[in-house]
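# Summary of structural features
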Amino acid sequence: MNTTHTPKLTVFYDGACPLCLFEMRHLMRLNTAGKLAFEDITAADFSSRYPTLDWHALNNRIHAMRDDGSMIDGLDVTYLAWKLVGKGWLYAPTRWPLFKPIADWCYTRFARHRYKVSYWLTGQKRCEQCELKKR
C-alpha cells in the first residue's frame, strides 16, 4: 500500500472468514494506488486500536470508514472498495435504485450465514479462536 497519503477508505473485514479473506486479498492485489486500507477485525490488537468501534456490529456485516471519518456498511462498502480499485462496474448494479433494496436484503442474509456459505463453497470453517472472541 502507498503510505504517502491517507487512504480514501479503510475496510474492516473478518479475516477468519475464508470468503471475506478471499475478496480482501483480491482487493489488496488491485489496490496499487493505495486508495484502500484494510483492517482485520479478528486481529488481537484490533479493539485497542479502534476502541470506539462496535466489534459485534463490524462482525455482523462489512463496514468501512471513509477518509472524512464517516462510516458505511454492507454493499455500499463493497461497491465503493471495488470502485476505488477501478472495478466498480462489477458491483454498480447492486446500487441501482431498482435493485438496491433486493441486493441489500440478499446481502444481509448472506452476511448472517457467511460461515455456512463459506464452508459449502470452500470446505473451510471459521477458526475456533475467532468464535471464542465473538462471545
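Above this text sits the structure in question.
Keep in mind that what you see is a predicted model, and the values were worked out from it rather than measured.

Let us now look at the sheet that holds strand β2 (residues 36–40). Spatial ordering of the open sheet is given by β2-β1-β3-β4, a layout of four strands whose pairing is mixed. Each end of this open sheet is capped by a strand with a single partner; those strands are β2 and β4 (71–73). Taking each pair of neighbouring strands and ignoring which way they run, the sheet shows an average axis angle of 25 degrees. Both strand β3 (residues 63–66) and β4 contribute to a ladder of three bridges, which runs antiparallel. Across the sheet, residue A64 finds its bridge partner in β4, namely I72.

Next up on the list: the pattern of salt bridges. As enumerated under the stated definition, the model contains seven salt bridges in all. Between R49 and D45 there is a salt bridge, with its nearest N and O atoms 3.0 Å apart. Here R49 falls in the partly exposed class, since its relative accessible area comes to 38%. According to the relative accessible area criterion, D45 is partly exposed, its value standing at 36%. Put simply, R61 and D73 hold a salt bridge, and the shortest N to O gap is 3.3 Å. Remark: D73 occurs in strand β4 and R61 occurs in the loop between α3 (55–60) and β3; sequence separation between them is 12 residues.

Definitions and limits used
- Residues numbered from 1 in each chain as written.
- Predicted model: local features only at pLDDT ≥ 70, side-chain atom pairs only at ≥ 80, totals over all residues.
- Heavy atoms only, no water.
- Pairing = 2+ DSSP bridges.
- Helix = DSSP H or I, 4+ residues; strand = E, 2+ residues; numbered from the N terminus.
- Axes fitted to C-alpha atoms, helices over the stretch in contact; angles between N-to-C directions.
- Salt bridge = Lys/Arg side-chain N within 4 Å of Asp/Glu carboxyl O.
- Buried < 20%, exposed > 50% of the residue type's maximum accessible area, 1.4 Å probe, protein only.

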